[in-house]
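So the chains spell out like this:
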Amino acid sequence: MRVARFVLSLSISFSSSVSLEAQQTAASSAQSQQLLQRSLSALAGSQTLTDVTLSGTVRRITGADNDTGSASFKALASGAGRSDLSLSSGPRTEIQNLSATFPAGSWSGPDGVAHAMAFHNLLTEPAWFFPAFAIARRLSTLGHVATYVGRESHNGQAVEHLSVSQTSPFPVISKGLSFEHLSQVDFFLDSTTLLPAAITFNIHPDRDAGLDLPVEVRFSDYRAVNGAQVPHHVQKFLNNSLILDFQADSVTLNSGLSASSFSL
């Protein structure tokens, strides 16, 4: 009962964090804020993006298994993302929705059975495949603190490295872990164009928020779509191993996607 009350209080605190986080004393550095804003301008151009749909071909690698097929990735700027893979082994779907009253996510495999995602795996980025939304949400939502790490080389590319975490009224979630650590997303912006070359974050086993499993998403093949710059090649790595390789054939922006598309 005590554990259940703690989880409930944590969930409530997340949904009401906007008003509470405004009281936090931590603040982003001016340099990191400027770099994120310039990156968003390079991505979105002069328009305001509300939703996106990416469709194309995909390869999914799990151990010795190598599935191929088609994929659709959808996202809302408000904080919802959905991936639908149609593979040789069967369909796979993942949904994350942080814009609802209660943040939630689920995934399903070829059997079609939905499995709830652990709360601590909902704190990074539901639109990990579309960097414009990942940056815009951190610029527009109170409680995100950005730090400029420095200029460095990442995957052989000169980048500006920034780290962004979300503050919380609860300093500890479990096992001494901070909300800031679980929500941390690092951005690697091309030093010349400031277009994101990669983002990194951690996921965790459902029952062990203390075990970090590093994820890296790499973006390339940027193309202009209605004035915006959209990466058409997206690769996802887990523990430094490629697990998803997506090539977009079509991109649709601001089509008026319904929130019902992200219902669990």
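Up top is the structure.
On a predicted model such as this, the values are computed, not experimentally measured, just so you know.

Visitor: Honestly, the layout of surface pockets in this entry has me stumped. Any pointers?
Guide: A volume near 840 Å³ is recorded for the largest pocket. Forming the walls of the largest pocket are 31 residues, and the residues nearest its centre are Arg-60, Glu-94, Trp-107, Ile-203 and Lys-236. Contributing elements (two or more residues each) for the lining of the largest pocket: β1 (51-62), β3 (80-87), β4 (90-97), β5 (104-108), β10 (196-203), β11 (213-225), β12 (228-238) and β13 (241-253). A total of 4 residues in the lining of the largest pocket trace back to one element, the largest contributor, which is β4.

Visitor: I keep staring at the packing of helix α3 (residues 30-44) against helix α4 (residues 131-140) and nothing clicks. Help me out?
Guide: Two numbers describe a pair of packed helices, the interaxial angle and the distance between the axes. Close contact between α3 and α4 brings their axes to 10 Å; oriented N to C, the two are set at 140 degrees. What the angle tells us is that α3 and α4 run oblique. Judged by the twist between their axes, the crossing of α3 over α4 is left-handed. Packed against α3, whose contacting residues are Gln-33, Leu-36, Gln-37, Ser-39, Leu-40 and Leu-43, the element α4 presents Pro-131, Ala-132, Ile-135, Ala-136 and Leu-139 at the interface. Among the residues forming the contact of α3 with α4, the class breakdown is 8 nonpolar, 3 polar and no charged.

Visitor: Sorry, what's going on with the packing of aromatic side chains here?
Guide: The geometry of an aromatic ring pair is captured by two quantities: the separation of the ring centres and the angle between the planes. With the rule as written, the count across this model stands at 5 aromatic pairs. Taking 4.8 Å as the distance between ring centres and 70 degrees as the angle between the ring planes, the aromatic pair formed by Phe-73 and Phe-246 counts as edge-to-face. Of this pair, Phe-73 sits in strand β2 (residues 65-76) while Phe-246 sits in strand β13, and the two are 173 residues apart along the sequence. Classification of Phe-246 as buried rests on a relative accessible area of 1%. Here Trp-128 and Phe-129 contribute two aromatic rings whose centre-to-centre distance is 5.3 Å and whose plane-to-plane angle is 85 degrees, an arrangement assigned as edge-to-face. Through a chain of ring-to-ring contacts, the aromatic side chains of Phe-73, Trp-128, Phe-129 and Phe-246 assemble into a single cluster. Over the face of the ring belonging to Phe-237 we find Arg-218, whose NZ or CZ atom lies 4.1 Å from the ring centre. The ring of Trp-128 has Lys-236 lying over it, and the distance from NZ or CZ to the ring centre is 4.0 Å.

About the cut-offs
Residues numbered from 1 in each chain as written. Predicted model: local features only at pLDDT ≥ 70, side-chain atom pairs only at ≥ 80, totals over all residues. Heavy atoms only, no water. 1 Å grid on protein atoms, 1.4 Å probe; cavity = no way out; pocket = protein on both sides within 12 Å on 5 of 7 lines; lining within 4 Å. Points joined across faces, edges and corners; volume = space filled by probe spheres on them. Helix = DSSP H or I, 4+ residues; strand = E, 2+ residues; numbered from the N terminus. Axes fitted to C-alpha atoms, helices over the stretch in contact; angles between N-to-C directions. Parallel < 35°, antiparallel > 145°, perpendicular 65-115°, else oblique. Left-handed = near helix turned anticlockwise from the far one by under 90°. Contact = heavy atoms within 4.5 Å. Nonpolar A, V, L, I, M, F, W, Y, C, P; charged D, E, K, R; others polar. Phe/Tyr/Trp six-rings, centres within 6.5 Å; stacked < 30°, edge-to-face > 60°. Buried < 20%, exposed > 50% of the residue type's maximum accessible area, 1.4 Å probe, protein only. Lys NZ or Arg CZ within 6 Å of the ring centre and 35° of its normal.

Purely spatial values, then, with no claim about function.
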